[in-house]
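Coordinate inspection notes
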Amino acid sequence: MCCSPRLLPGLALVAGLATVATLIGRAVPVVGAPVFALVVGGLVGLARRSAVDEDGVFGPGLTVTRQRVLGLAIVLLGLGLPFGAVLTVGRQTAVVLVGTVVAGAIAAVVVGRMLALDRESATLVAVGTTICGASAIAAATAVIKPDRERVAYALGTIFVFNVLAVLIFPPLGRLLGMSEQAFGLWAGTAINDTSSVLAAGAIFGPAAAQFAVIVKLVRSLLIVPMCVGLHLGRRGRAGSGQSGAELDGNRAAWRVVPLFVVLFVAASVIAGFGLVPEAWSEPLGAVSAWLIAAVLAAIGTSLSWQRIRTAGMRPLVFGGAIGLVLAVSCLALQQVTGWL
């Protein structure tokens, strides 16, 4: 599949869009390459919808870019982030990170009941918003086996707020006078999907992007206890009678823990041993930033009003309410703990 000729048109398109966005981003650094990548990708998607759909001429390459390239960008970032620094950041940010997730979980219960949202939709949107976007939704889906329509609603909701976060967080961070490290903690804790965390951090500054990705990857590890909690809750509601097929499905949830987390840690350990020459740091960072722009351009091509309509109003309101609680509670905890 990786070497299939069917991938070449989409890969060539996204490479061109990422290069254009990077050049424009250098000329207008206040906006940054990630936003331009999202915009130019969106324009191409609107102009050539049939060509960029999954079964279109560019579709296979764009799909591979969205699914696989981001992980490579993160691994390259890991080569510039010694593992000791990752552990230090996890320890330093634990209060803010855990406190924000708990606040989001409480908001999910309260708002979900107020909106009379069904349990499966509420669960999927809540875990996607508070933990790790689409990866958390995939993990939850493996455990609770929801209807496909509800999974689509949740993914559509996450998609909408991913785009909004990239556009809104950086100017708000500047308005609040945040340092790059403070913004990285805010973005890594309050934005749900890794691509949006990286994009928002890259727009704000290189140090913000690095710190944001560490915080986000630490947060991604919460997928494991999330799966255990959902599994125990499901068993508690269903009683002791579970078939072997159901148990196999629950075990499958462990396989959706993002591989890029493992590879990032491995790359970070390599960097911690001093095996990456210091001269490589800037080129690796530049390649990683270009790959991030490529992912955002590929995501941009999939923008459509249909996807927004598919999300429905109540899941959107629900996801927006949780996202607002995460953003505000994270800022409050940062203020209390001295990060602001």
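Every value quoted in this text rests on a predicted model; they were computed, and no experiment measured them.

What counts as what
- Residues numbered from 1 in each chain as written.
- Predicted model: local features only at pLDDT ≥ 70, side-chain atom pairs only at ≥ 80, totals over all residues.
- Heavy atoms only, no water.
- Helix = DSSP H or I, 4+ residues; strand = E, 2+ residues; numbered from the N terminus.
- Buried < 20%, exposed > 50% of the residue type's maximum accessible area, 1.4 Å probe, protein only.
- Contact = heavy atoms within 4.5 Å.
- Axes fitted to C-alpha atoms, helices over the stretch in contact; angles between N-to-C directions.
- Parallel < 35°, antiparallel > 145°, perpendicular 65-115°, else oblique.
- Left-handed = near helix turned anticlockwise from the far one by under 90°.
- Nonpolar A, V, L, I, M, F, W, Y, C, P; charged D, E, K, R; others polar.
- pLDDT = per-residue confidence, 0-100.
- Core = buried A, V, L, I, M, F, W, Y, C linked by side-chain atoms within 4.5 Å.

1. Here's the deal with the environment of A200
- Its location among the elements puts A200 in helix α10 (residues 194–204).
- On the accessibility criterion, A200 (0% relative accessible area) is buried.
- Along the chain, A200 and G173 lie 27 residues apart, while their C-alpha atoms are 10.0 Å from each other.
- Those residues in contact with A200 that lie beyond four places of it in its chain are P170, F183 and I191.

2. Points about the packing of helix α6 (residues 94–114) against helix α17 (residues 313–337)
- The geometry of α6 relative to α17 is characterised by a closest axis approach of 8 Å and an angle of 150° between their N-to-C directions. As the angle between them shows, α6 and α17 are arranged roughly antiparallel. Remark: the crossing between α6 and α17 carries right-handed chirality. Contact with α6, carried on its side by V95, V96, G99, T100, A103, G104, A107, A108, V111 and G112, involves F318, A321, I322, V325, L326, S329, C330, L333, Q334 and T337 of α17 and no other residues of that element.
- Along the lines of polarity and charge, the residues of the contact of α6 with α17 split into 13 nonpolar, 7 polar and no charged.

3. Comments concerning the packing of helix α4 (residues 59–78) against helix α14 (residues 259–272)
- The geometry of α4 relative to α14 is characterised by a closest axis approach of 7 Å and an angle of 20° between their N-to-C directions. Considering the angle they form, α4 stands roughly parallel to α14. Read as a crossing pair, α4 and α14 show a hand that is right-handed. Between α4, through G71, I74, V75, L77 and G78, and α14, the contact on the second element is made entirely by F260, L263, F264, A267, S268 and A271.
- For the contact of α4 with α14, a count of residues per class yields 8 nonpolar, 3 polar and no charged.

4. Looking at the confidence of the model for the protein chain
- Taken as a whole, the protein chain shows an average pLDDT of 84; of its residues, 89% reach a score of 70 or greater.
- Per-element confidence in the protein chain is highest for helix α9 (residues 180–190), whose mean pLDDT is 96, and lowest for helix α13 (residues 244–252), whose mean pLDDT is 49.

5. Things to note about the nonpolar core
- Ranked by size, the top nonpolar core spans 91 residues in total, and within it I74, F169, F183, W186, V213, M226 and F318 carry the most contacts.
- It is helix α7 (residues 119–144) that contributes the most residues to this core, 13 residues altogether.
- Not counting residues up to four positions away in its chain, the partners in contact with F318 are A108, V111, G112, L115, L117, A122, V125 and A126.

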